[in-house]
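# Geometric and topological summary
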Amino acid sequence: MLAAELTPAGTRHLAAGELLLPGEVVLAQGEEFRGRWQYGSWGSGLDELAARFHRHLRSRPRHPRTPRPVVLNTWEAVYFQHDLDTLLRLAERGAELGAERFVLDDGWFLGRRDDTSSLGDWTVDPAVWPKGLQPLAERVRVLGMDFGLWFEPEMVSLDSDLARRHPEWIFDAGHGPGLPSRYQHVLDLGHPGAYDHVFERMSELIGSLGIAYIKWDHNRYLLDAGHAPGGRPGVRTQVEQVYRLMERLKAAHPGLEIESCASGGGRIDLGVLEYADRVWPSDCNDPHERLEIQRWTGLLVPPEMQGTHIGAAESHTTHRAHPLDYRAEKALWGHLGIETNLLTADDETLAALARWVAFHKEHRALLHTGRVVHADLPDAAYRLEGVVSGDRSQALYAFSVVERPATWPPGRIRLPGLDDTRDYTVEAVHPGSAPAAGAVLPPWQRAGVTLPGRVLRLAGVEAPSLDVDRSVVLRVVSTAP
């Protein structure tokens, strides 16, 4: 629970704490209750505030420190249409582009042909997978990728074998299971039998398939969250059991990584980040939306923990269309993934994708350890974001136009975060495709420019003229060793 209040007396009041429902914690005389830690950050500007959170998270022993593998996720490529031959070809195409992790999304388990049934029945569907998932998982590893699988462990469909066997395991506040959301209800992990069922099914599959990564989804709110048979509130216990389940699975399967996904960014907080190695900021892959989504998620979460995928040319959620270079640039800044049907892409698109993946890998160490910075630009139509290395010897920035500007030309863009006393060479880079012939470019962009960090911070460089939802990536390198 977070609250901010401006009192009538003019004072500002901030409060944070665990939001307990009536009856969730009952203390007898002499007992005490200690909630979880609350963390805050401050700074001169939002970048400094975010940097403190990033340093805190990166200092933890559990923080992921190996290079974050480029992901190929199957959801927006095939949805529920699972077919071994198609998915094998998709995996092969992804490996050719440089993907390092293949994640099979929703649709693999018993009876799951759409989103109306089967949650809780975590058994590989023999009707779709007559030889099980082993042939796919083995081929993925032969191709040099690790294998990941989608689960929604806390959910249950009323149309499922699990719900028919154990209706008492579904949240019930005293009037039945309540209203569905997305055709699903919440499995009450406060029941030991429900908790053990989920752990056993997940652990067996992780072990038998050599699963390296779980996409852990959570697609509805904890409403009617009553623990049967009495209907007392069960939210706090549910959250504790989820953390316990994640911890237990990781202990049983060393090296297992978990992504926290909840209809996108519904569960991103410092609690789940104690157990998750990655978060999914949004189910919307539209780069126009993702620019702001990732910016504000980044106030808490460092880039290496944010899943950022290159989606289809036409966004599956907004139906806006964007060129590949803009989609790829917006995905560059986090834990990169690809989530589009590579089997329908032409050779030119595949080659450009491969170049973006290679560029990300080349700069992955900088992107996932450096300090995230933003510039305050005079026109809201423009954005400038970047990452500067810890020793300030190099940086990457992106300048974007997100709407029609009020004035033209765009003027100058200042580059924050550099060392005032060093000289830097600034060049525009085009990992996917070069600017169109006849494009209007500032003179410096054609051959680069070398200037002191102080000049780049205070005066900057002339901004390129771009159309809406277009961007350019700037690479900045110190001229001194």
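Predicted model, so just to flag it, every value in this text is computed and none were measured.

## Some details on the overall build of the chain
Along its length, the chain carries 12 helices and 22 strands. Along the first, second and third principal axes, the C-alpha set of the chain runs to 70 × 65 × 40 Å. Considering only contacts within the chain whose residues lie at least 6 apart along the sequence, 71% involve residues at least 24 apart. As displayed, the chain offers around 21800 Å² of accessible surface, 54% of which is attributable to carbon and sulfur atoms. Mean positive and mean negative side-chain charge positions of the chain (51 and 65 charges, respectively) differ by 5 Å.

## A short note on the nonpolar core
Ranked by size, the top nonpolar core spans 81 residues in total, and within it Trp108 and Phe147 carry the most contacts. The contacts of tryptophan 108, once residues within four sequence positions are left out, are His82, Trp122, Thr123, Val124, Asp125, Trp129, Leu133, Leu149, Trp150, Phe151 and Leu205. The next biggest cluster of nonpolar side chains, apart from the first, holds 24 residues, and it includes Val388, Ile413, Val426 and Ala428.

## Things to note about a nonpolar patch on the surface
Side chains of Leu20, Leu27 and Phe33 sit close together on the surface and give an oily, nonpolar patch of about 240 Å² of accessible area. Position of leucine 20 among the secondary structure elements: in the loop between strand S2 (12-16) and helix H1 (46-58).

## Considering empty space enclosed by the protein
Counting across every chain of the model gives three cavities of 30 Å³ or more. The computed volume of the largest cavity comes to approximately 270 Å³. Lining the largest cavity are 22 residues, with Gln294, Pro303, Gln306, Val372 and Glu385 positioned closest to its centre. Within the lining of the largest cavity, the residues separate by chemical class into nine nonpolar, eight polar and five charged.

## Description of the sheet that holds strand S13 (residues 307-310)
Read from one edge of the open sheet, eight strands run S12-S11-S8-S5-S4-S3-S14-S13, paired in parallel fashion. Single-partner strands in this sheet number two, and they are strand S12 (278-279) and S13. Bridging between strand S3 (residues 71-73) and strand S4 (residues 101-104) involves three bridges; their strand directions are parallel. Across the sheet, valine 71 pairs through a bridge with arginine 101, a residue of S4. Where helix H7 (residues 235-252) meets the sheet, it contacts strand S8 (213-216) and strand S11 (257-260), and its direction lies at approximately 165 degrees from that of S8.

## Thoughts on the pairing of strand S17 (residues 394-401)
The buried fraction of S17 is high, at seven of eight residues. Note: strand S16 (residues 382-388) against S17, seven bridges, orientation antiparallel. Paired with valine 388 across the strands is alanine 395, a residue of S17. With eight bridges joining them, S17 and strand S22 (residues 470-478) adopt antiparallel strand pairing. When the bridges of S22 are listed, alanine 395 appears paired with valine 476.

## Describing the environment of aspartate 379
Residue position: aspartate 379 is located in the loop between strand S15 (371-374) and S16. Note on aspartate 379: relative accessible area 13%, which makes it buried. For aspartate 379 and valine 401, which are 22 residues apart along the polypeptide, the C-alpha to C-alpha distance reads 9.9 Å. Reaching out from aspartate 379, the side chain makes a polar contact with the backbone nitrogen of alanine 406 at a distance of 3.0 Å.

Rules used in this analysis
- Starting afresh in each chain, residues are numbered from 1 along the sequence in its written order.
- With pLDDT at 70 or above as the cut-off, local features in this predicted model cover only qualifying residues; side-chain atom pairs require 80 or more to be listed or tallied, and sums for whole chains, interfaces and linings still use all residues.
- Note: side-chain values were computed over all heavy atoms of the structure, leaving out hydrogens and water.
- Labels follow the DSSP assignment, with helices taken as runs of H or I lasting at least four residues and strands as runs of E lasting at least two, numbered in each case from the N terminus.
- Contact between two residues is taken to exist if any of their heavy atoms lie within 4.5 Å; hydrogens are not considered.
- Shrake-Rupley sampling with a 1.4 Å probe provides the accessible areas, and residues are treated as covered by the protein chains on show and by no other component.
- The positive count covers Lys and Arg only, the negative count covers Asp and Glu only, and His and the chain ends enter neither.
- Note on charges: their place is set at NZ of Lys, CZ of Arg, CG of Asp or CD of Glu.
- As used in this record, nonpolar core signifies buried Ala, Val, Leu, Ile, Met, Phe, Trp, Tyr and Cys residues forming a set joined through side-chain atoms within 4.5 Å.
- A simple rule labels every residue: compare its accessible area, found with a 1.4 Å probe on the protein chains alone, to the largest value its type can have, and call it buried under 20%, exposed over 50%, or partly exposed in between.
- Patch membership is restricted to residues that have no salt bridge and whose relative accessible area is over 30%. Joining uses 9 Å for like charges and 5 Å for the nonpolar side chains Val, Leu, Ile, Met, Phe, Trp and Tyr.
- Think of a salt bridge as a Lys or Arg side-chain nitrogen and an Asp or Glu carboxyl oxygen that are within 4 Å of each other.
- Any residue with an atom within 4 Å of a point lines the site, the site being either a cavity, points on a 1 Å grid over the protein atoms alone where a 1.4 Å probe fits but cannot get out, or a pocket, an open set with protein on both sides within 12 Å along at least 5 of 7 lines.
- Grid points are joined across faces, edges and corners, and a volume is the space filled by probe spheres set on the points.
- Polarity classes work like this: nonpolar for Ala, Val, Leu, Ile, Met, Phe, Trp, Tyr, Cys and Pro, charged for Asp, Glu, Lys and Arg, and polar for all others, with Gly in that last group.
- When DSSP finds two or more bridges between two strands, those strands count as paired.
- Angular values range over 0 to 180 degrees, each being the angle between N-to-C directions of two axes fitted as lines to C-alpha atoms, with helices fitted over their stretch in contact.
- Any pair of N or O atoms that falls within 3.5 Å is considered a polar contact. Within protein, one atom must be able to donate a hydrogen and the other to accept it, and sequence-neighbouring residues count only if both atoms are side-chain atoms.

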